[in-house]
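Structure at a glance
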Amino acid sequence: MTGYGRGEYKNGGIELTVEIKTVNNRYLDVSVKCPRIFNAFEDIIRSQIREKLTRGHADVYIGLSDKREKERTVYLDEGAAKAYADAARRIKAMFPDAVDDFSVTNILRFPDVIKTEDVSNADDESLSALKAALSGALEKLNGMRKIEGEKLKADMLARMDTIERLVAEIEKRAPLVAEGYKAKLESKIKKILDGAEPDEGRLLTEVAVFTDKSNIDEELTRLHSHVSQFREICKDTLVGRKLDFLVQEFNRETNTVCSKSNDLEITRLGLALKNEIEKIREQVQNLE
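This text gives an overview of the structure that appears in the document. (Residues numbered from 1 in each chain as written. Predicted model: local features only at pLDDT ≥ 70, side-chain atom pairs only at ≥ 80, totals over all residues. Heavy atoms only, no water.)

Observations concerning the sheet that holds strand β2 (residues 14-23)
Convention followed: Any two strands between which DSSP finds at least two bridges are classified as paired. Numbered from the N terminus, helices here are DSSP runs of H or I no shorter than four residues, and strands are runs of E no shorter than two. To define axes, lines are fitted to C-alpha atoms, for helices over the stretch in contact only, and angles between the resulting N-to-C directions are given on a 0 to 180 degree scale. In what follows, a contact means two residues having at least one pair of non-hydrogen atoms within 4.5 Å.
Pairing within the open sheet is mixed, and its four strands lie in the order β1-β2-β4-β3. Both outer strands of the open sheet, β1 (3-11) and β3 (28-33), are each paired with one neighbouring strand and no more. Shown here is a sheet whose adjacent strand axes are inclined to one another by a mean of 15 degrees, direction ignored. Bridge analysis of β1 against β2 gives nine bridges, and the strand direction is antiparallel. Looking at β2, one finds that Tyr9 is bridged to Leu16. In the packing of helix α1 (residues 42-50) onto the sheet, the strands contacted are β3 and β4 (56-66), and the crossing angle to β3 comes to about 140 degrees.

Concerning the pairing of β3
For clarity, the threshold we go by: When the strands point away from the viewer, a crossover counts as right-handed if the path from the first strand over the helix to the second runs clockwise.
In terms of strand pairing, β3 meets β4 through six bridges, oriented parallel. Bridging across to β4, Leu28 finds its partner in Gly56. Tracing the backbone out of β3, into α1 and back to the parallel element β4 gives a crossover that is left-handed.

So, the pattern of salt bridges
In plain terms, the rule: Salt bridge criterion: a side-chain nitrogen from Lys or Arg within 4 Å of a carboxyl oxygen from Asp or Glu. Accessibility here uses a 1.4 Å probe with only protein chains present; expressed as a share of the type maximum, an area under 20% marks a residue as buried, one over 50% as exposed, and anything in between as partly exposed.
Under the definition given, this model contains 19 salt bridges. For Glu8, the salt bridge goes to Arg6, with nearest N and O atoms at 3.0 Å. Taking relative accessible area as the criterion, Glu8 reaches 47% and is therefore assigned partly exposed. For Arg6, a relative accessible area of 31% puts it in the partly exposed group. A salt bridge links Arg281 to Glu278; the nearest nitrogen and oxygen atoms lie 2.7 Å apart. Pair noted here: Arg281 and Glu278 are both in helix α8 (residues 264-284), with a separation of three residues, about one helical turn. Under the relative-accessibility criterion, Arg281 is labelled partly exposed at 30%. The exposure class assigned to Glu278 is partly exposed, which follows from its relative accessible area of 29%. Taken together, the salt bridges that share partners define one network made up of Glu218, Glu219, Arg222 and Glu253.

Some words on the side chain of Arg145
Among the secondary structure elements, Arg145 is positioned in helix α4 (residues 124-192). Beyond its immediate chain neighbours, meaning those up to four positions away, Arg145 contacts Met1, Thr2, Gly3, Thr22, Leu53, Arg55 and Glu288.

A few points about the packing of helix α7 (residues 240-261) against α8
Stated formally: Orientation is classified from the angle alone, with under 35 degrees giving roughly parallel, over 145 giving roughly antiparallel, 65 to 115 giving roughly perpendicular, and any other angle giving oblique. Each crossing gets its handedness from the near helix: less than a right angle anticlockwise from the far helix is left-handed, clockwise is right-handed. Residues are grouped as follows: Ala, Val, Leu, Ile, Met, Phe, Trp, Tyr, Cys and Pro are nonpolar; Asp, Glu, Lys and Arg are charged; all remaining types, including Gly, are polar.
At a minimum axis separation of 9 Å, α7 and α8 run at an interaxial angle of 165 degrees. The pairing of α7 with α8 is recorded here as roughly antiparallel in orientation. The handedness of the crossing between α7 and α8 comes out as left-handed. Across the interface between the two elements, Gly240, Leu243, Asp244, Val247, Phe250, Asn251, Thr254, Asn255, Val257, Cys258 and Ser261 from α7 touch Ile266, Thr267, Gly270, Leu271, Leu273, Lys274, Ile277, Ile280, Arg281 and Val284 from α8. Of the residues contributing to the contact of α7 with α8, the split by class is 11 nonpolar, seven polar and three charged.

Side note on the nonpolar core
In plain terms, the rule: Within this scheme, the nonpolar core is defined by two criteria: the residues are buried Ala, Val, Leu, Ile, Met, Phe, Trp, Tyr or Cys, and they are joined through side-chain atoms within 4.5 Å.
One finds Ile163, Ile170, Phe230, Leu243, Phe250, Leu273 and Ile280 to be the most contacted residues of the largest nonpolar core, which totals 29 residues. If you list the elements that add at least two residues to this core, you get α4, α6 (217-233), α7 and α8. Sorting elements by how many residues they give to this core places α4 first, with eight residues. Leave out the neighbours within four places in its chain, and Ile163 touches Val227, Phe250, Leu273, Glu276, Ile277 and Ile280. By size, the runner-up hydrophobic cluster in this structure holds 23 residues, among which are Ile20, Val30, Ile62 and Leu130.

Put into structure tokens, the structure is as follows:
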């Protein structure tokens, strides 16, 4: 599900912020952008996120301002310094009358020649700050996602009511299919036999075979069971994968009903049923 959460930590010279943005995704996919000192702890960051999220694409942004007094070291990029010096000599050769004020101090002022970096990586204090800010961001994120989840739940349960109604209509129509087939077959035989009465025993045999092939009682029973299971699962917290599997079962039973019915009205109801199931399937993909 989509959502946004922001967590902050400010104490003892450390100012750290964590922002998490999520969008719908069938599986959990985490992208982390953080200061270099936290690179070695990316697995810890991902592990903490996996404890709270099971689905969705999550972009994690970590910002750090460390105002504590810390030992720093200076790095000289010798290649960059040599390149600047060589360029200065070539310019001097091109313009011999120009005033030459090139010096070591000048070289130090050029970009990328001197770099300062912290000597150490993240310490225990900064790592604790990261975990605290990340926990706060995840809590706010899941608060927003919970609100969205309640709306999705209400929508799916409303569609489940529609599915139950459609199944009931199919159940009501199903016994009439055999009677209609018998009437059509009897009329067709009479037309072929020029009005003569068909063999009643043979006619009933054909109707019995048709009824057996087109019987959808088991499929309708399972659909009713799936509706009950869906409502029960929605009472749990983490329901995405369970409902994903159940929706596949809904589709399987509905496809069987449509293929066995041999009746236009049941086929129409079956297609309406598949339409509602598909809308639920799209919603289920977004659930934890």
